[in-house]
Amino acid sequence: MPESSLEVKDIQSSPAECRTPPLRQFSQSSLAVHRNSYMFSTFCTEHNVQECLSHINQEVSSLGLPPVWTESAGSSELNVVAVLNCMYDLVQLHRRGVRNLENMEVEQLRASSNVDFLQLTSTRLKEQLELSKRENTGLLEKERQLQQKVKSLQNCLKNEKEEVQKLQNIIASRASQYNHEMKRKEREFNKLKERLNQLLVDKKEKKQAIDVLNRIGRADGKRSLWKTEKTEARHEGEMYKTLLSDYDTRQRELVLENAELRKVLQQMKKDIMSILGSRKTTSKADKHEDGCIQADSEEEEEVFDSSKESVELYCVHAREKLTNSIRLQWRRLKSHVERLDSQASVSQIGDSKNTDAVPREIHMEEMDRLKLEIQQCKDFIQTQQQLLQQQLSSPCDEETASLLSDCYMLQEKDRLREEWKTLEEQRKNFERERRNFTEAAIRLSHERKAFEEDRATWLKHQFLNLSPFSESKKLMSKSKSAFLISAETEPSTALTPEKPITCPHETVSPAHKCVRLASPPATELRRTHCLAPDDSSTKPKTKSEPAEDSDVFCNRNAPGQNKRWNSSREQSSRSFAWEENSSI
Amino acid sequence: MNFSEVFKQSNQLCKVSPDGKYLATCVQYRLVVRDVSTLQILQLFTCLDQISHMEWSSDSLFILCAMYKRGLVQVWSLEQPDWHCKIDEGSIGLVSSRWSPDGRHVLNTTEFHLRITVWSLCTKAVSYIKYPKACQKGIDFSRDGCYMALAERRDCKDYVSVFVCDDWHLLRHFETETQDMGGLEWSPNGCVLAVWDSCLEYKVLLYSLDGRLLSTYSAYDWSLGVKSVTWSPSSQFLAIGSYDEKVRILNHITWKKIAQFDHPATINSSKAVVYKEVEKRPAVVNDDLSLHNITIGATLFNTQSKYEICPLPVQIPVTKPDPDRANPKIGVSTLAFSSDSRFLATKNAGIQVQSLSWHCSGDSLVLLGKEQLCICYMDTDQEDT
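Note that the structure is predicted; figures quoted are calculated from it, not measured.

## A word on the overall build of chain A
Per the secondary structure count, chain A includes 15 helices and one strand. Evaluated residue by residue, chain A yields a buried proportion of 18% over its 584 residues. Within chain A, contacts between residues separated by at least 24 positions form 65% of all contacts whose residues are at least 6 apart in sequence. For chain A, the accessible area works out to roughly 46200 Å², and carbon and sulfur atoms hold 58% of it.

## Side note on the sheet that holds strand β1 (residues 209-212) of chain A
In spatial order, the strands read β1(A)-β8(B)-β7(B)-β6(B)-β5(B); together these five strands make up an open sheet with antiparallel pairing. Both edges of this open sheet fall to β1 of chain A together with β5 (53-56) of chain B, since each of them pairs with a single strand only. Taken over all neighbouring pairs, the strand axes of this sheet differ in orientation by 15 degrees on average, direction set aside. Where strand β7 (residues 72-77) of chain B lies against strand β8 (residues 84-88) of chain B, five bridges are found, and the strand directions are antiparallel. Pairing of Q74 of chain B across the sheet is with K86 of chain B, part of β8 of chain B.

## Regarding unusual backbone geometry
All names here are of chain B. Positive phi, normally seen in glycine, also occurs at K124, with a value near 60 degrees. One can find K124 in the loop between β11 (115-120) and β12 (126-130). Here K124 falls in the partly exposed class, since its relative accessible area comes to 37%. Residues other than glycine seldom take positive phi values, yet S235 does so here, at roughly 65 degrees. Mapped onto the elements of the fold, S235 is located in the loop between β21 (226-231) and β22 (237-242).

## Things to note about the sheet that holds strand β24 (residues 257-262) of chain B
Residues and elements named next belong to chain B. With antiparallel pairing, four strands are arranged side by side in an open sheet as β21-β22-β23-β24. Two strands lie at the open edges of the sheet, namely β21 and β24, each paired on one side alone. Neighbour-to-neighbour, the strand axes of the sheet open up by a mean angle of 20 degrees, direction not taken into account. As paired strands, strand β23 (residues 246-251) and β24 are joined by five bridges and run antiparallel to one another.

## Here's the deal with the UniProt feature "coiled-coil region" (unreviewed entry) in chain A
Under the local residue numbering, the UniProt record ascribes the feature "coiled-coil region" (unreviewed entry) to residues 129-209 and 413-440 of chain A. Overall, residues 413-440 of chain A shows 100% helix and 0% strand. The separation of its end C-alpha atoms is 40 Å.

## Quick word on the interface of chain A and chain B
Between chain A and chain B, the residue contacts involve 43 residues of the former and 54 residues of the latter. For the pair chain A and chain B, the two sides together bury roughly 4500 Å², of which 56% comes from carbon and sulfur. On the chain A side of the interface with chain B, the three residues burying the most area are Q208, I210 and I216 of chain A, jointly 16% of the side's total. Along the contact surface separating chain A from chain B lie two salt bridges. For R172 of chain B, the salt bridge identified is with E236 of chain A, shortest N-O distance 2.7 Å. Remark: the boundary between chain A and chain B carries 12 residue pairs in polar contact (both at pLDDT 80 or more).

## Some details on the confidence of the model for chain B
Residues and elements named next belong to chain B. Across chain B, the average pLDDT comes to 81, with 85% of residues at 70 or higher. Contacts from residues 279-303, a stretch scored under 50 in pLDDT, to residues over four places away or in other chains number 90 contacts. For this predicted complex, the interface score ipTM comes out at 0.77, alongside a pTM of 0.56.

## Quick notes on the packing of aromatic side chains
Residues and elements named next belong to chain B. Scanning the entire structure with this criterion turns up nine aromatic pairs over all chains. For the pair Y147 and W186, a centre-to-centre distance of 6.4 Å together with 40 degrees between the ring planes defines the contact as tilted. With Y147 in strand β14 (residues 147-154) and W186 in strand β17 (residues 181-186), this residue pair connects regions lying 39 residues apart in the sequence. Taken individually, Y147 and W186 each receive the classification buried, so the pair is uniform in this respect. Residues Y202 and Y217 carry aromatic rings whose centres are separated by 6.1 Å and whose planes lie at 75 degrees to one another, so their mutual orientation is edge-to-face. Taken as a pair, Y202 in the loop between β18 (192-197) and β19 (204-208) and Y217 in strand β20 (residues 213-217) lie far apart in primary sequence, 15 residues in all.

## Some details on the confidence of the model for chain A
All names here are of chain A. When pLDDT is averaged along chain A, the result is 73, and 59% of the positions lie at 70 or above. For residues 285-297, every residue scores under 50 in pLDDT, and the model assigns this stretch 11 contacts once sequence neighbours within four places are set aside. With pLDDT under 50 throughout, residues 575-584 is counted as low confidence; its partners more than four residues away or in other chains account for 10 contacts.

The rules behind each value
Residues numbered from 1 in each chain as written. Chains lettered and ligands numbered in written order. Predicted model: local features only at pLDDT ≥ 70, side-chain atom pairs only at ≥ 80, totals over all residues. Heavy atoms only, no water. Helix = DSSP H or I, 4+ residues; strand = E, 2+ residues; numbered from the N terminus. Buried < 20%, exposed > 50% of the residue type's maximum accessible area, 1.4 Å probe, protein only. Contact = heavy atoms within 4.5 Å. Areas by Shrake-Rupley, 256 points an atom, 1.4 Å probe, with all protein chains shown as cover. Pairing = 2+ DSSP bridges. Axes fitted to C-alpha atoms, helices over the stretch in contact; angles between N-to-C directions. UniProt positions renumbered as here; feature names shortened; annotations may be inferred. Buried area = accessible area lost by both parts, 1.4 Å probe. Salt bridge = Lys/Arg side-chain N within 4 Å of Asp/Glu carboxyl O. Polar contact = N/O pair within 3.5 Å; in protein donor to acceptor, adjacent residues only side chain to side chain. pLDDT = per-residue confidence, 0-100. Phe/Tyr/Trp six-rings, centres within 6.5 Å; stacked < 30°, edge-to-face > 60°.

In structure tokens, the structure reads:
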């Protein structure tokens with residue numbers, strides 16, 4: 001039903017137009033939108049009336065209005081009343097909505113204005129706060145200053161009090177001193193008064209007097225002089241002389257001192273100049289200007305020096321010049337040193353990396369080198385340790401180990417072993433020989449015993465055969481000798497057995513040696529030794545044996561019968577000399 | 001150290017003659033003269049009254065004995081024991097008596113310091129000097145004995161008179177700028193006279209021989225001032241000890257202070273060596289310039305003590321004086337230079353040392369306490385200029 005819809009549209013649109021003017025713009029605009037939308041979008045067409053109806057119904061019911069069209073009516077025609085009502089409700093709704101909108105807009109405006117107002121007030125308050133804060137800090141500052149002042153004033157007060165106290169103490173001490181003096185003076189005054197009274201009362205006045213036995217001479221022996229003007233003048237003169245001499249000596253001392261000091265100053269100046277001069281040559285660029293000036297002044301001074309050096313600087317101007325020049329040099333030196341200091345500090349801070357880097361590089365190289373060295377040493381130590389460990393821990397092969405351990409001494413050990421062998425052999429020989437000797441000694445003792453017995457029998461025979469008649473010379477001599485001996489040695493029967501010993505011993509040539517020589521046991525070995533090579537060289541070993549045996553025998557008897565041998569030898573030395581000689 | 005037997009004496013009158021050969025002691029009214037080496041009595045003189053003061057003449061030939069109560073002075077001769085001389089001051093009284101430098105005049109100060117009478121033993125003549133001042137040290141003779149400086153007070157003003165000792169001729173007479181002169185002293189070379197004020201004002205004035213004022217020195221105001229003054233033997237330094245326990249040294253060219261030394265109760269200087277005698281009551285003398293601090297040692301007869309070096313800081317025991325009394329016992333009371341002017345020994349009051357004196361060689365120092373005697377030797381190698 002396009003007509004109805006159009007009508008609806010018109011109806012809808014017209015009441016909208018009789019709206020209040022202020023909101024006309026808004027409403028019109030909204031309506032315009034609606035109109036436009038309505039214009040452009042056709043909601044209802046001829047075909048979808050029912051759907052539109054139902055849709056509108058739904059919409060209306062959703063808005064809370066009674067439905068527009070009911071199905072039950074039966075007719076497809078709209079209930080105009082309901083529709084009008086609905087439309088009226090809708091219009092009312094719309095109006096309410098618009099009114100609400102207006103209200104809300106009003107409220108929004110109000111709110112925004114409120115907000116603006118509040119913002120303004122807040123900014124104002126903030127400014128006020130700032131101001132007050134600043135004022136506060138200012139006041140605090142003032143308070144602090146005032147407190148400081150108060151403190152300082154308190155200090156001043158304390159100081160003043162102390163000073164007052166001190167002054168009071170001083171005054172007190174002075175007062176006590178004055179009082180003391182006053183009292184003393186008063187006492188003296190009183191004494192004086194008393195004395196005066198006493199003197200006035202005392203009539204007899206004791207006069208002063210000196211009582212000297214005899215005058216004594218003056219200390220220097222001269223006569224005393226009268227007091228005259230001349231003497232007075234002389235005294236004055238002497239006084240001035242002493243003063244002048246004193247001033248003279250002082251002046252001389254001061255002159256010497258001055259000369260010394262001047263010398264020192266000159267020296268100092270020279271030194272400073274030399275130092276500065278040398279420095280100047282190294283760093284010319286910086287102080288070109290200074291250098292020029294200094295060069296000039298140096299030249300000046302050098303000229304000055306050369307001219308004045310010989311002359312003593314006595315006049316005031318010269319002295320001043322010297323001091324001024326010293327001052328100038330000193331100032332220059334000071335500035336130079338200060339500059340050096342500043343340079344040093346600047347470089348220290350790290351401005352010049354180059355100057356820093358170079359030493360650092362060198363430093364690093366050195367460090368590396370040292371590290372390398374350390375590493376090498378450590379490795380060396382480690383290898384040594386390893387070797388040592390090997391040595392100690394594992395003896396791999398006993399033989400080899402012993403060999404290894406003894407390898408240094410091997411040669412010596414061999415030598416020693418050989419020597420040992422020889423020594424052992426010698427020892428064995430000695431043992432053998434000793435054994436032989438003992439056997440021989442035993443044998444000899446047996447033989448001796450046998451011989452003794454023989455001798456005893458022979459002597460018995462002799463004695464029995466003894467007669468005064470001489471049978472033969474030899475026999476006679478023999479017998480004589482025997483008789484002599486027997487006669488001599490008769491008393492000592494112990495000696496008798498010695499005789500026959502000597503005779504049979506005559507046959508054995510080596511034995512005589514031992515007979516003649518009453519040998520102490522100490523020479524035993526010597527003889528055996530000297531005998532042994534003889535024997536070994538000349539005779540076979542077997543022969544030497546008996547000799548040795550006899551030797552041993554003799555020697556064995558020696559300690560016991562040493563005396564007897566000696567005595568017999570002495571006694572019979574002459575008689576038997578020729579016999580022994582002949583035998584030998 | 002050996003000590004002789006004890007000899008009696010009275011009034012602490014015991015003096016060795018200037019030539020060092022004789023020792024004179026006074027026992028009541030007797031004067032005993034002994035030989036120094038043997039201590040045998042050589043002469044015995046009897047005076048008329050108890051001897052108050054005894055003095056040797058400069059040539060060691062005469063001895064002066066003064067009896068203040070009686071107003072008498074008797075002079076004895078060693079060469080001629082029969083010779084006698086008696087000076088009677090009469091009713092004017094006697095307060096002090098001394099020799100003149102030539103040993104032939106006797107100066108008697110009468111009672112109340114009315115005048116000084118100069119008696120000549122050569123001529124029996126008398127001279128009078130008026131208005132002498134009664135102060136700590138009012139008369140001083142120069143070292144060569146030529147001049148005498150006398151403090152005078154006329155019309156409430158201080159004057160100094162310089163006399164020639166030959167004939168007592170007044171050479172110079174000038175006023176001094178002191179309030180109340182405390183004393184005066186000649187410099188050893190006889191050219192400068194140091195004059196100082198009483199303890200109420202610190203002022204030291206230096207006058208030349210002819211009376212010109214050379215310089216004035218004042219360390220501070222108001223507090224108690226100078227207590228003791230001494231010249232160095234070379235006349236180069238003047239040491240002033242004051243009540244504030246400090247010594248100030250002036251030099252003779254500019255008369256300005258060149259050094260100042262303190263006497264603190266605690267010694268903290270690293271250069272000082274403190275020797276303490278073990279188990280004895282120690283008393284310390286401050287030696288400045290030499291940088292030694294040495295304590296007093298053994299008693300007279302007991303030699304059982306040893307010295308040990310105390311670690312710094314050392315607290316010196318001092319007796320606190322009563323500051324309210326007049327002439328308080330504080331301040332540097334004794335000063336003495338050694339003979340070569342290298343050392344200065346100072347004694348601060350409150351330390352129990354009665355007297356100190358240097359040996360003429362300047363190497364050693366004798367300190368005398370109440371009960372103790374100490375001889376200190378200076379180590380001259382440790383000199384620190």
